[in-house]
Amino acid sequence: MRQLVEQLHELEDRLRLGGGAKKVEKQHREGKLTARERIAHLVDPGAMFLEVGLLVAYDRYDGQAPAAGVVTGLGKIEGRPAVIVANDATVKAGAWWPETITKILRAQEIAMRNRVPIVYLVDSAGVNLPLQDGIFPGQYGAARIFYYNSLMRRRLHVPQIAAVMGPCIAGGAYLPALSDVIIMVECTSFMGLGGPNLVKGAVGQVVDAESLGGAHLHTSSSGVAHFTAKDDAACLDLIRQKFRSMPAPPAVPKGVPPPLPAEGLYELMPADHRLPYNMEEAIERIFDGDDYLEFQPEYAPEMLCAEAKLSGRPVGLIANRRGFLKTEAGPRIGGIVYTESARKVAYFVENAQRNNLPLIYFQDVSGFMVGVEAEREGIIRAGADMVETMACATVPKIILTLNHASGAGYYAMAGQGFDPNFTFGWPTARIGVMEGDSAVQAIHGPELEKLKSAGQPIPEELKERIEKTRADYERWLDSRHGAARGHMDAVIDPLETRRVLAFALEVACQRPRGEHLALETL
């Protein structure tokens, strides 16, 4: 775990450099702060900034798109949780990559789901034109950003503040235009459907950027923008002022510290992901030390269901135990979902929904039980009940993948496709349809069996294909690979688990009950 965390921190530090020192210097010469400097100025001093999607696209485009050119995450502004989207102009002038769209949409979904304000710090040259095919068209192309803008403004009443702190060109200009408040910065802001070069080519007009779409034009002539700030710092202070005018956020309760310190989490996970460990120890190092009550502890114990508290907030906890477990019905394999455990979880989730209890899932699941006995017991129906109750529950759901998240078990444990409020993973997280050894058996098993029956050796070519399958699955199951494709909001240091989950829960509890995101956005 320590080695994985060190590798993660090294990667994150490199990505946070954006386009590098020379591009940062250029930004400063233009009188502008960088995206991360703007965020640091905007959020409350000492408050956490929970970055979402830092690893997205880090392993694509020859490393030229760190964080996909946009910083997205959650912070507190004047004591109120808020989503922040900041274009990183040190990365290809803040141009949009296909994954930039994905990150902005995810940020907007967090704002919509949890009913928290969203701030856009705009500084972008627009679409990365050579990659337009993955940006411009499609149901989840750039247009969906403006769809979400419109829904938040007219239907959901989620506050949107847009600060144009650099260029904001072409269709991207609709992002601030569809916000509640638009702020521009003197001399550095530009907002227009076409820049000077495009205007010259399209209609033959020769005009400079300031006259075409500068702060003065849009606050005094067009009326598109609402406020002007003299520089970045003044602009960010104005945003904070707007937050002070909002109703006070709900009070944050104080919880009891965990029974055990967080430091032991590094030693908790075995070096071999297949070996067992004590899930209760993880719980005792993350959740509050009072009011913990396990539900049906002796029935289907491979699934741990409990009422707990996280930083003073009551939650329902669902976790997979690992290892071999003794029960009156016979031995059980931890990490497997049996018929009884599926029904147990379904009932627990039903009660949590009835009692307005947020749910936290600790995933380490290898899948559902298979075989003749399991089918006779109705594992399919029991699994469907587990999925259905989870899918239809409207209480907040937060996911942490500790180790395995395999097969249909990953889905039933509130996988990302079911729109949980937040999804996190430890560096040990392994999300995939199955493990590499199982894939080898599924793909190459018949051929191996045929060779074995004939008493023939395994040819070198088949050995190479088997090793390639194993290597592919190891790469796909790496937590950084999943985070790079947006399969989780963030890979987190285990020592930060309590702090991250508590902040995510605070954000989710800004709106304890509501409709499903899929229904709200139709």
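Figured I'd write up the structure that's included with this text.

Counting secondary structure elements, the chain contains 21 helices and 20 strands. Taking 2.2 N^0.38 as the reference for a compact globule, 522 residues should give roughly 24 Å; the C-alpha atoms of the chain span a radius of gyration of 25 Å, in line with that estimate. Taking the principal axes of its C-alpha atoms as reference, the chain extends roughly 80 × 60 × 40 Å. Scored against the burial criterion, the 522 residues of the chain give a buried share of 53%. For the chain, long-range pairs separated by at least 24 residues make up 75% of all intrachain contacts whose partners lie at least 6 apart in sequence. Put simply, the chain shows about 23200 Å² of open surface, and 55% of that area lies on carbon and sulfur atoms.

To continue, consider empty space enclosed by the protein. Under the definition given, this model contains four cavities of 30 Å³ or more. Estimates place the volume of the second largest cavity at around 120 Å³. Those elements giving two or more residues to the lining of the second largest cavity turn out to be β3 (80–87), β4 (118–124), β5 (160–169) and α6 (174–177). With four residues, β4 is the single largest residue contributor to the lining of the second largest cavity.

Moving on, we get to the pattern of salt bridges. Inspection of the entire model under this criterion finds 40 salt bridges. In this structure, Arg285 and Glu281 form a salt bridge, with 3.0 Å as the shortest nitrogen-oxygen distance. Judged by its relative accessible area of 13%, Arg285 is buried. Here Asp437 makes a salt bridge to Arg470, at a shortest N to O gap of 3.0 Å. With Asp437 in helix α17 (residues 436–453) and Arg470 in helix α18 (residues 460–477), the pair connects residues that are 33 residues apart, well separated along the chain.

Glancing now at the side chain of Asn421. Among the secondary structure elements, Asn421 is positioned in the loop between α16 (407–412) and β18 (422–425). Given a relative accessible area of 5%, Asn421 falls into the buried group. Engagement of the side chain of Asn421 in a polar contact is seen with the side chain of Asn114, the distance being 2.8 Å. What Asn421 contacts, discounting residues up to four positions off in sequence, is Arg106, Arg113, Asn114, Val395, Pro396, Lys397, Asp489 and Ala508.

Before going further, it helps to spend a moment on helix α20 (residues 497–508). Between the first and last C-alpha of α20 there are 16 Å, a value that for twelve residues agrees with the 16 Å anticipated at 1.5 Å per step. α20 sits mainly inside the fold: eleven of its twelve residues count as buried. Considered for burial, the residues of α20 that qualify are Thr497, Arg498, Val500, Leu501, Ala502, Phe503, Ala504, Leu505, Glu506, Val507 and Ala508.

Glancing now at the nonpolar core. Leu74, Phe287, Phe362, Leu402, Phe424 and Trp426 are the most contacted members of the largest nonpolar core, which totals 75 residues. Ignoring anything within four residues of it in the chain, the contact list for Leu74 reads Met48, Phe49, Leu50, Val52, Ala82, Val83, Ile110, Phe422, Phe503 and Val507.

Reading the values: rules and limits
- Residues numbered from 1 in each chain as written.
- Predicted model: local features only at pLDDT ≥ 70, side-chain atom pairs only at ≥ 80, totals over all residues.
- Heavy atoms only, no water.
- Helix = DSSP H or I, 4+ residues; strand = E, 2+ residues; numbered from the N terminus.
- Rg over C-alpha atoms; globule rule 2.2 N^0.38 Å.
- Buried < 20%, exposed > 50% of the residue type's maximum accessible area, 1.4 Å probe, protein only.
- Contact = heavy atoms within 4.5 Å.
- Areas by Shrake-Rupley, 256 points an atom, 1.4 Å probe, with all protein chains shown as cover.
- 1 Å grid on protein atoms, 1.4 Å probe; cavity = no way out; pocket = protein on both sides within 12 Å on 5 of 7 lines; lining within 4 Å.
- Points joined across faces, edges and corners; volume = space filled by probe spheres on them.
- Salt bridge = Lys/Arg side-chain N within 4 Å of Asp/Glu carboxyl O.
- Polar contact = N/O pair within 3.5 Å; in protein donor to acceptor, adjacent residues only side chain to side chain.
- Expected span 1.5 Å × (residues − 1).
- Core = buried A, V, L, I, M, F, W, Y, C linked by side-chain atoms within 4.5 Å.

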